[in-house]
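Reading the structure
So the chains spell out like this:
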Protein chains: 4
Amino acid sequence: MKLSEKRSIEKKKQIILSAVKIVNRRGYEGATMEEIAAELLMTKASLYYYFRNKEDLLYQCHSLVLNQAIADIEELLAQPLSVEEKFFQMVALHIDYAIEEKETFNMIFEPKNIFSQEQLAEVIELRKRYSSLFNNLILKGIEEKKFRQADSYLLTMLILGALNWIQQWYQPNGRLSKEEIISHYQKDLLKILK
Amino acid sequence: MKLSEKRSIEKKKQIILSAVKIVNRRGYEGATMEEIAAELLMTKASLYYYFRNKEDLLYQCHSLVLNQAIADIEELLAQPLSVEEKFFQMVALHIDYAIEEKETFNMIFEPKNIFSQEQLAEVIELRKRYSSLFNNLILKGIEEKKFRQADSYLLTMLILGALNWIQQWYQPNGRLSKEEIISHYQKDLLKILK
Amino acid sequence: MKLSEKRSIEKKKQIILSAVKIVNRRGYEGATMEEIAAELLMTKASLYYYFRNKEDLLYQCHSLVLNQAIADIEELLAQPLSVEEKFFQMVALHIDYAIEEKETFNMIFEPKNIFSQEQLAEVIELRKRYSSLFNNLILKGIEEKKFRQADSYLLTMLILGALNWIQQWYQPNGRLSKEEIISHYQKDLLKILK
Amino acid sequence: MKLSEKRSIEKKKQIILSAVKIVNRRGYEGATMEEIAAELLMTKASLYYYFRNKEDLLYQCHSLVLNQAIADIEELLAQPLSVEEKFFQMVALHIDYAIEEKETFNMIFEPKNIFSQEQLAEVIELRKRYSSLFNNLILKGIEEKKFRQADSYLLTMLILGALNWIQQWYQPNGRLSKEEIISHYQKDLLKILK
DNA sequence: AATGAATGAGGGTTCATTCAT
DNA sequence: TATGAATGAACCCTCATTCAT
């Protein structure tokens, strides 16, 4: 790969990060190409050198964040741990993402009215891949008789909802530390699986 | 109250209901004054006779739905039921709202992208009132030794998150009916409280 | 029809006339909504109250001009005249349009890359109707043995081309008066038909 | 001339030919520097090494085609043929250009929407030179008593109009082949001259 | 009480053009 | 020679909002 290509990819990433920041500040529709560009001291026209249109840029934001989260979890799943241990770590990882990378992780909310047919499909597919990591772990737990017999999909949704919501109320200097939250959620959610 | 005033209030309600319908269809930002008015065979200019601006109208939509939900729950809480029974009914009620009112009831969106200073405070206050209904019930359950000793705030957040998320994945004609979802969530979430 | 409706239709016509003027000055693509509006001391946003978009406005320009020309010719054709006489009058009428209403009649050139599928079809249909007026007259002349046996379509195209071109070179104060041009074209083109 | 210069001229010609192709496909305004460059696997920035700006490039396209047509006709006129024969061939040549080169040869568009002051003058001069070839032939025919006494300018305009219009209706796979059209136009237009 | 008409502000997108490399 | 990257200027279009009637 040539140097220029590398630089181009680097720039793309910068733009995506800027977009993520703005989207978190203003919401999907409130984010403007203008503001995303201004964050990087560029003009909005320049963005179109890297992305076909706003939808494309927003999709790639979504994609970047989710793919990274998926990769992290897959790495974790590859380790020789018990189902319960894996579940604990996944909960910790998800909360960590939601809290520390709040901005990026926030992306996964409510893009319904943004994406057009084709990209909507890909977004949904990506989300499905992420949630299936949880779903599969639950299924495995059921198989190993570690978790009770139940509708794994429903449990997955319940758990993901509980976890995602954290970023709505978590305050960095609030009464509850990240570690406390993780510890509580791990135990509480495990109760549902047992 | 004069007749004309009564009629005015009635009309206001009609407009809000129309707005609720459109917001549920298009989202808060996607809803246009034009479409809200068209639903009632009015012109958008007329809306400004009843509401100061779009934000005001949208706020009253959110407010109406949330207040109604609060009222419904308060009515429920006033009945002579056990804590567990009340919890079950609250879960059912919340899911029903989340599914039937979808966008308007939506508690996932960031209100700061929609509402301005003054109304933002009221929205947040309203949400706090709503969540405290759950919090108080949990506290009462703990007091009555029906629920285990625990951080009620954390549990409230966990439960609300799980419930709110439903509107992100629920499909009217999906595999799971509303009733099934309610039944499962009731039992699963109760496990956490026990 | 209410007064307001009448006024609306009047305004629409004004806008169309303004658009025609600008299109003739700048070409189809060069004409901007801004300039069309400015001509009437309006803002471009106002145009969208009367026309769905630029394409729609331009189409209606086209439509207005051609329909009027068609109506004029049809009226002429309804009169009890010989085929040759009718041909002479049609030539005179077309040249008159091309010269006097240069601006409006100019519209009929090269809109190929402007209209989208559906409206393109209507534009073509309209043009076909206009040219068929000539075509039918020629056919009738042939039938009546006043004109020689020939491919009427080819002759129509040849004649229309010759006539349309006049507006490209005609100068109001040039060597040749409108009447002279008409007189010459009538005779010259008739020679082809005979 | 140095080799590098030769190569530069060669490249310029390539670019012009590419531009001609794109202009014929998209029209003068629809042709973008991007697409013209892409056709040659270049980047648009490179075009500016060879041409001052888009207008310059487009002018040279128009110029190339028109000059070529003029040269072709002049060559033809130099041959020992009768006036009628020369007229026939000129008609054939013009139609061929109009059909094969379509947009670039296009004499219907208003050049003032495309070209600026300085180049506009040259375009008009070029067109005048082209039409005078027809004019002169007609004058010669009249002199030789092969054509009837008449206003040669008017006849030139009539003929050019008829010919130029062909590109507005000709369809490559239509009912009438290029050869048929040529044959008919030759005979029909000659009738006017006789 | 209602609305037809108008508009300002702003957003997404395109494209010719420039310039450092 | 060539180009990757950037940009200014324009353009179409949308929408909340206003105001005279």
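Note that the structure is predicted; figures quoted are calculated from it, not measured.

A common way to state how big an interface is: give the accessible area lost once the parts meet. At the interface, 37 residues of chain A touch 35 residues of chain B. Summed over both partners, the interface of chain A with chain B comes to about 3,100 Å²; 56% of that surface belongs to carbon and sulfur atoms. Scanning the region where chain A abuts chain B turns up four salt bridges. Arginine 175 of chain B is paired through a salt bridge with aspartate 151 of chain A; the nearest N and O atoms lie 3.0 Å apart. Mapped onto the side of chain A that touches chain B, the elements with two or more residues apiece are helix H1 (3-26), helix H6 (102-106), helix H8 (152-169) and helix H9 (178-193) of chain A. Here the element with the most residues in the side of chain A that touches chain B is H8 of chain A; it accounts for twelve residues.

Quick look at the relation of the copies chain A and chain B now. Applying a rotation about an axis and a shift along it to one chain copy brings it onto the other copy. Aligned on chain B, chain A shows an RMSD of 1.3 Å; the corresponding rotation is 180° and the shift along the axis is 0.6 Å. Put plainly, the chains are arranged around a two-fold axis. When the interface residues of chain A are mapped onto chain B, 86% of them again lie at the interface, so the same face is used by both copies.

Applying the stated criterion across every chain yields a total of 28 aromatic pairs over all chains. Ring centres of tyrosine 28 of chain C and phenylalanine 115 of chain C lie 6.4 Å apart, and the angle between their planes is 75°; this geometry places the pair in the edge-to-face category. Placement of tyrosine 28 of chain C in the loop between helix H1 (3-26) and helix H2 (33-39) and of phenylalanine 115 of chain C in the loop between helix H6 (102-105) and helix H7 (117-143) is noted, with a sequence separation of 87 residues between them. Accessibility assignment for this pair places tyrosine 28 of chain C and phenylalanine 115 of chain C in one class, buried. When the centroid spacing of 5.2 Å and the interplanar angle of 80° are considered together, the rings of tyrosine 49 of chain D and tyrosine 50 of chain D count as edge-to-face. Site record: aromatic cluster; members linked through ring pairs are Tyr97, Phe105, Tyr130 and Phe134 of chain B.

Let us look at helix H7 (residues 117-143) of chain A. Residue and element names in this part refer to chain A. With 27 residues, H7 extends 37 Å between its outermost C-alpha atoms, agreeing within 8% with the 39 Å of an ideal straight helix rising 1.5 Å per residue. The axis of H7 is deflected most strongly, by about 30°, at serine 132. Listed in full, the buried residues belonging to H7 are Gln119, Val123, Leu126, Tyr130, Ser131, Leu133, Phe134, Asn135, Leu137, Ile138, Gly141 and Ile142.

Turning our eyes to something else, we now look at the protein's contact with DNA strand F. Every one of the 33 residues lining DNA strand F counts as a neighbour, but Ala45, Ser46 and Tyr50 of chain A together with Ser46 and Tyr50 of chain D are closest to it. The sugar-phosphate portion of DNA strand F accounts for 69% of its atoms within 4 Å of the protein, the bases making up the rest. Here a phosphate oxygen of DNA strand F sits 3.1 Å away from a polar atom, N or O, in the main chain of methionine 33 of chain C. Take lysine 44 of chain C: an N or O atom from its side chain is 3.2 Å from a base nitrogen of DNA strand F.

Right, let's get into the interface of chain D and chain C. Contact residues are listed per partner, giving 35 residues for chain D and 37 residues for chain C. For the pair chain D and chain C, the summed buried area comes to about 3,100 Å², and 56% of that belongs to carbon and sulfur atoms. Area buried by chain D at its contact with chain C is led by Leu154, Trp165 and Lys191 of chain D, which between them contribute 20% of it. At the boundary of chain D with chain C, the tally comes to four salt bridges.

Parameters and conventions
Residues numbered from 1 in each chain as written. Chains lettered and ligands numbered in written order. Predicted model: local features only at pLDDT ≥ 70, side-chain atom pairs only at ≥ 80, totals over all residues. Heavy atoms only, no water. Contact = heavy atoms within 4.5 Å. Buried area = accessible area lost by both parts, 1.4 Å probe. Salt bridge = Lys/Arg side-chain N within 4 Å of Asp/Glu carboxyl O. Helix = DSSP H or I, 4+ residues; strand = E, 2+ residues; numbered from the N terminus. Least-squares fit on C-alpha atoms with pLDDT ≥ 70 in both. Phe/Tyr/Trp six-rings, centres within 6.5 Å; stacked < 30°, edge-to-face > 60°. Buried < 20%, exposed > 50% of the residue type's maximum accessible area, 1.4 Å probe, protein only. Expected span 1.5 Å × (residues − 1). Bend = angle between axes of the 7 residues up to and from the residue. Near = heavy atom within 4 Å. Polar contact = N/O pair within 3.5 Å; in protein donor to acceptor, adjacent residues only side chain to side chain.

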